[in-house]
Amino acid sequence: MNAPELPVDGSQRPLLIGKGWIQAVLLVFLFGFFVLGLLAYRTYQAEPPIPAHVVDETGRELFTGDDIRVGQQVFLKNGLMQYGSIFGHGGYLGPDYTADYLRRAALSVIAAHERAGDNAPVQRTTEEFKTNRYDPASGTLVFTANQAAAFEALVAHYREFFSDPTTASGLRPSAITDAAELRRLTAYFSWTAWAASALRPGKAYTYTNNWPPEPRVGNQPSADVMVWSVVSLITLLGGIGVLLAVFGRWNFLGWHGRDRRRLSFIEPESVPITPAQRATAWFFAVAFLLFLLQALLGGSVQHYRAEISGFFGIDLAQFLPYNVARTWHVQLAIFWVAACFLAAGIFLAPMIAGREPRGQHWLAYALLGAVALVVFGSLAGEYAGIFGWMGDSWEWFGDQGFEYLDLGRFWQTLLSIGLLFWVYLLARVMRQRLAREHKGNMPWLFLFAALAIPAFYAVGLLARSTDTFASADFWRWWVVHLWVEDFLELFTTVMVAYIFVLLGVVHEKIALRLIYLDFILYSAGGVIGTMHHMYFSGAPVEHMALGATFSALEVVPLTFLTLEAWSFLQLGDVQTGGLSGSFPHRWAVMFLAAVGFWNFLGAGVFGFLINLPIVSYYEIGTALTSNHGHTAFMGVYGMLAIGLGLFCLHYLTFRLRWRDGAARFSFWALNIGLAWMAFATLLPIGMLQLYHSVSEGYFEARSLDFLTSETNAFFEWMRLPGDILFILGAPPLLYMAWQGLRYGRPPTSREEPEDVLFTELREPAEDPVGSRR
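The rules we used
- Residues numbered from 1 in each chain as written.
- Predicted model: local features only at pLDDT ≥ 70, side-chain atom pairs only at ≥ 80, totals over all residues.
- Heavy atoms only, no water.
- Helix = DSSP H or I, 4+ residues; strand = E, 2+ residues; numbered from the N terminus.
- Contact = heavy atoms within 4.5 Å.
- Areas by Shrake-Rupley, 256 points an atom, 1.4 Å probe, with all protein chains shown as cover.
- Phe/Tyr/Trp six-rings, centres within 6.5 Å; stacked < 30°, edge-to-face > 60°.
- Lys NZ or Arg CZ within 6 Å of the ring centre and 35° of its normal.
- Buried < 20%, exposed > 50% of the residue type's maximum accessible area, 1.4 Å probe, protein only.
- Pairing = 2+ DSSP bridges.
- Salt bridge = Lys/Arg side-chain N within 4 Å of Asp/Glu carboxyl O.
- Core = buried A, V, L, I, M, F, W, Y, C linked by side-chain atoms within 4.5 Å.
- Expected span 1.5 Å × (residues − 1).
- Bend = angle between axes of the 7 residues up to and from the residue.
- pLDDT = per-residue confidence, 0-100.

### Overview of the overall build of the protein chain
Okay, so step 1: Regarding its fold elements, the protein chain presents 27 helices and 10 strands.
Okay, so step 2: Considering only contacts in the protein chain between residues 6 or more positions apart, those separated by 24 or more positions represent 80%.
Okay, so step 3: Carbon and sulfur atoms make up 65% of the accessible area of the protein chain, which totals about 27200 Å².

### What to know about the packing of aromatic side chains
Okay, so step 1: One pass over the full model with this rule turns up 62 aromatic pairs.
Okay, so step 2: Ring pairing ties together the aromatic residues Phe 75, Phe 87, Tyr 97, Tyr 158, Phe 161, Phe 162, Tyr 188, Phe 189, Trp 191 and Phe 469, which thus form one cluster.
Okay, so step 3: The cationic tip of Lys 439 hangs over the ring face of Trp 444; the distance from NZ or CZ to the ring centre is 4.9 Å.
Okay, so step 4: Of note, Arg 476 hangs over the ring of Trp 477, and the distance from its end group to the ring centre comes to 4.6 Å.

### Remarks on unusual backbone geometry
Okay, so step 1: Going from Trp 211 to Pro 212, the amide bond is cis rather than trans, its omega being 0°.
Okay, so step 2: Phi at Ser 174 takes a positive value of approximately 50°, unusual for a residue other than glycine.
Okay, so step 3: Checked against the element boundaries, Ser 174 lands in the loop between α5 (145-162) and α6 (179-197).
Okay, so step 4: Residue Ser 174 is classed as partly exposed on the basis of its relative accessible area of 29%.
Okay, so step 5: With a phi close to 70°, Asn 210 is a non-glycine residue in the positive phi region.
Okay, so step 6: One can find Asn 210 in the loop between α6 and α7 (223-249).
Okay, so step 7: With a relative accessible area of 6%, Asn 210 lands in the buried category.

### Some words on the sheet that holds strand β6 (residues 140-142)
Okay, so step 1: One open sheet accounts for 4 strands, arranged β2-β1-β6-β5; its pairing is mixed. Two strands in the sheet have a free side with no partner beyond their single neighbour: β2 (61-64) and β5 (134-135).
Okay, so step 2: With 3 bridges connecting them, strand β1 (residues 53-55) and β6 associate as parallel partners. Bridging from a neighbouring strand, Val 55 pairs with Val 142 of β6.

### Topic: the pattern of salt bridges
Okay, so step 1: A full pass over the atoms with the stated rule returns 21 salt bridges.
Okay, so step 2: Close ionic contact of Glu 437 with Arg 13 constitutes a salt bridge, the shortest N to O distance being 2.8 Å. Of this pair, Glu 437 sits in the loop between α12 (409-435) and α13 (442-458) while Arg 13 is found in the segment before α1 (19-46), placing the two residues 424 residues apart along the sequence.
Okay, so step 3: Assessed through its relative accessible area of 8%, Arg 13 is described here as buried.
Okay, so step 4: The partner of Glu 152 in a salt bridge is Arg 183, and the shortest N-O contact between them spans 3.0 Å. Of this pair, Glu 152 sits in helix α5 while Arg 183 sits in helix α6, and the two are 31 residues apart along the sequence.
Okay, so step 5: Owing to a relative accessible area of 27%, Arg 183 belongs among the partly exposed residues under this scheme.
Okay, so step 6: Among the charged side chains, a network of salt bridges with common partners joins Arg 13, Arg 433, Glu 437 and Glu 508.

### A few points about the nonpolar core
Okay, so step 1: Of all hydrophobic cores here, the largest spans 236 residues; its most connected members are Phe 75, Phe 162, Phe 189, Trp 336, Trp 422, Phe 446 and Ile 642.
Okay, so step 2: When residues of this core are assigned to their parent elements, the largest contribution, 24 residues, is made by helix α14 (residues 469-502).
Okay, so step 3: Apart from residues no more than four positions distant in its own chain, Trp 422 is found in contact with Phe 341, Leu 342, Gly 345, Ile 346, Leu 367, Ala 450, Ile 453 and Phe 491.
Okay, so step 4: Grouped together as the second largest cluster of nonpolar side chains are 5 residues, Ala 552, Phe 608, Leu 612 and Val 615 included.

### Some details on the pairing of β2
Okay, so step 1: When β1 meets β2, the two strands line up antiparallel, connected through 3 bridges. Each bridged residue has a counterpart across the sheet, and for His 53 the counterpart in β2 is Thr 64.
Okay, so step 2: Between β1 and β2, which follow one another and run antiparallel, lie 5 residues, and Gly 59 among them has a positive phi close to 95°.

### Observations regarding α12
Spacing of three or four residues puts side chains on the same side of an α-helix, whose turn is 3.6 residues.
Okay, so step 1: Along its 27 residues, α12 runs 37 Å from first to last C-alpha, staying within 8% of the 39 Å computed at 1.5 Å per residue.
Okay, so step 2: A bend of about 55° at Val 429 is the largest found in α12.

### Remarks on the confidence of the model for the protein chain
Okay, so step 1: In the predicted model, the protein chain carries a mean pLDDT of 88, and the fraction of residues at 70 or more is 89%.
Okay, so step 2: Across residues 255-260, confidence stays below pLDDT 50; counting only partners more than four residues off in sequence or on other chains, it has 14 contacts.
Okay, so step 3: Across residues 749-773, where pLDDT falls below 50, the model places 67 contacts with residues more than four positions away in sequence or in other chains.

### Quick notes on helix α19 (residues 586-611)
Okay, so step 1: Between its first and last C-alpha atoms α19 spans 35 Å; for 26 residues at 1.5 Å apiece the expected length is 38 Å, and the two agree.
Okay, so step 2: For α19, the principal kink sits at Trp 598 and spans about 35°.
Okay, so step 3: Among the 26 residues that make up α19, 20 are buried, leaving the element largely enclosed by the rest of the structure.

Now the structure itself:
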């Protein structure tokens with residue numbers, strides 16, 4: 001490995017690339033967040049209003065605004081967003097309660113008109129639902145007599161459903177029995193259905209842009225849904241064409257001719273390690289244990305769709321209902337990947353800085369303890385909250401209830417503080433290096449990208465259970481999209497680029513240009529593109545226009561860097577002069593190469609498919625969404641986390657204890673298992689749901705009757721071999737982490753007066769290859 005030399009006179013190293021790159025990044029970044037700020041303002045200004053009172057035509061009060069807000073809290077604290085969905089967002093087993101209430105209420109009103117002898121009951125029903133009877137001055141919403149009767153009938157329906165003493169629906173027995181809570185929950189569903197069917201003042205479409213598709217109330221794709229789908233497709237094709245043309249015509253990144261390099265690599269066992277780096281073995285051990293648990297929970301979640309009444313004869317919902325299993329599955333995915341990222345940052349920082357201050361390992365162990373406390377404390381709180389054991393403290397210590405932000409606000413705050421403490425650990429190691437580097441060079445970019453992780457995760461605290469769903473969802477997607485899909489991916493780019501630089505595969509100037517290009521592309525597309533999640537959740541139509549257009553630019557960026565991994569593997573195969581005679585990081589880089597593949601397929605192809613407004617209109621909340629989520633998150637962030645883990649563990653483990661065979665098996669098991677999951681089950685079922693949604697109705701496509709049909713059950717059982725193979729890919733990783741703990745190399749002597757030094761990693765600046773060892 002090699003690290004670039006600093007000036008011997010102690011002066012600051014100048015910026016390695018042109019200042020125009022920094023100016024472009026700042027311009028695009030500021031523009032993106034300026035637009036996002038305007039959209040935040042518009043979200044609060046134009047979200048569906050919560051009326052102070054909902055009355056029938058005689059003035060009898062049906063429910064209040066407080067009932068709606070409390071009903072939303074009942075929905076969240078019982079984990080129902082991880083069972084079904086609202087406005088299309090949430091779990092995939094239960095119904096979408098916006099569409100469910102709307103269909104059932106429409107059928108009730110149609111039946112009332114038929115009983116009255118009306119010759120056009122559907123037309124009359126459409127008129128009742130489309131007419132907006134909300135009075136902003138008094139804060140009163142008036143339901144017709146038929147709508148009021150439908151509300152009372154649906155209170156009884158949902159009381160029967162949620163009070164069911166069996167586990168036939170996949171929920172715990174008697175999930176909600178309090179009559180007042182059930183009425184308020186129904187009031188919440190009723191309000192979302194009103195927002196989905198009543199026209200915005202002065203517009204020809206509803207608050208949700210005519211979603212869900214429901215012909216009984218006149219909901220069909222609006223002109224905006226059609227037009228912005230076309231614009232999104234044009235933007236994608238044009239953007240890719242321009243980008244490929246630029247890369248093919250000009251060599252401004254300096255990649256051409258890369259295959260002429262011949263490299264040799266130092267044996268990992270010959271590289272000194274620090275006490276804090278040694279501590280990261282525990283991070284990876286915990287992370288891979290969580291990964292194994294997450295994979296097992298994923299199998300149980302899937303099995304509910306194949307056999308809802310039992311798990312191979314076991315009534316699993318008695319103690320692990322679907323919403324608990326899915327909550328844990330989603331949260332563990334975030335936790336184990338984040339733990340790998342934290343460990344990789346701690347491991348890389350001394351290699352970047354060339355030093356490590358004394359006592360750093362104790363701070364690393366403290367961080368690991370804090371992470372473990374958040375993980376297991378939040379999981380226990382989510383279980384207790386969904387089972388109703390937390391009382392009034394459910395939001396802080398139990399299940400907060402927002403999908404992906406399920407952990408209680410106390411644990412969420414503690415995790416944000418822990419992530420900020422991690423940034424401090426990195427800065428503590430790198431402070432001397434940073435003092436001698438221009439703020440536009442890679443060490444500072446490494447720190448800035450790390451700082452964005454706690455900053456944008458903490459934004460999720462702005463999503464509160466008492467807010468209107470549209471505004472709460474706006475901040476939730478800052479975490480799910482901006483944090484995960486943008487800033488975590490930018491930190492990914494910086495880390496992978498730094499690994500390539502340290503190993504001499506990519507010159508620092510080339511890597512720096514690529515990082516800036518990634519910042520530009522993600523700031524241009526990813527920041528504003530966040531709004532593609534808010535097409536139908538009550539945000540104004542400009543969110544769809546900008547979200548559809550800019551999200552089309554998100555498809556390619558990381559792929560360009562990870563494709564370097566294939567050249568990297570070829571270079572390793574022809575290397576000369578190495579101590580071991582073979583490329584030592586083959587399987588770590590194979591996982592990085594898999595990131596490029598899944599980034600293009602899962603995040604790019606499958607992601608763009610569901611981001612088109614016209615496709616999303618019919619498919620949101622179906623298996624196509626799950627297909628994108630699994631292939632993008634596991635395929636990109638999961639594979640990257642494992643690749644980083646193997647890279648670091650190789651340095652921590654004695655050569656004779658390192659097992660390439662275990663890494664090889666894990667690589668193929670996880671990638672084949674993930675592909676099997678996608679192509680044998682999620683993609684075909686998603687296409688069937690999409691077809692059924694267009695031909696029969698969204699309500700039908702999300703119903704339990706359809707999900708548990710013989711055809712769907714066949715495809716769900718088809719997934720079993722892939723799931724088994726995928727789960728078997730996790731134990732070898734845990735075994736390798738155990739090898740790193742049990743037979744790990746000791747750290748460098750701690751007797752230096754100030755720091756543990758890494759002079760062995762330095763290489764002459766004039767080295768023409770960039771990696772002589």
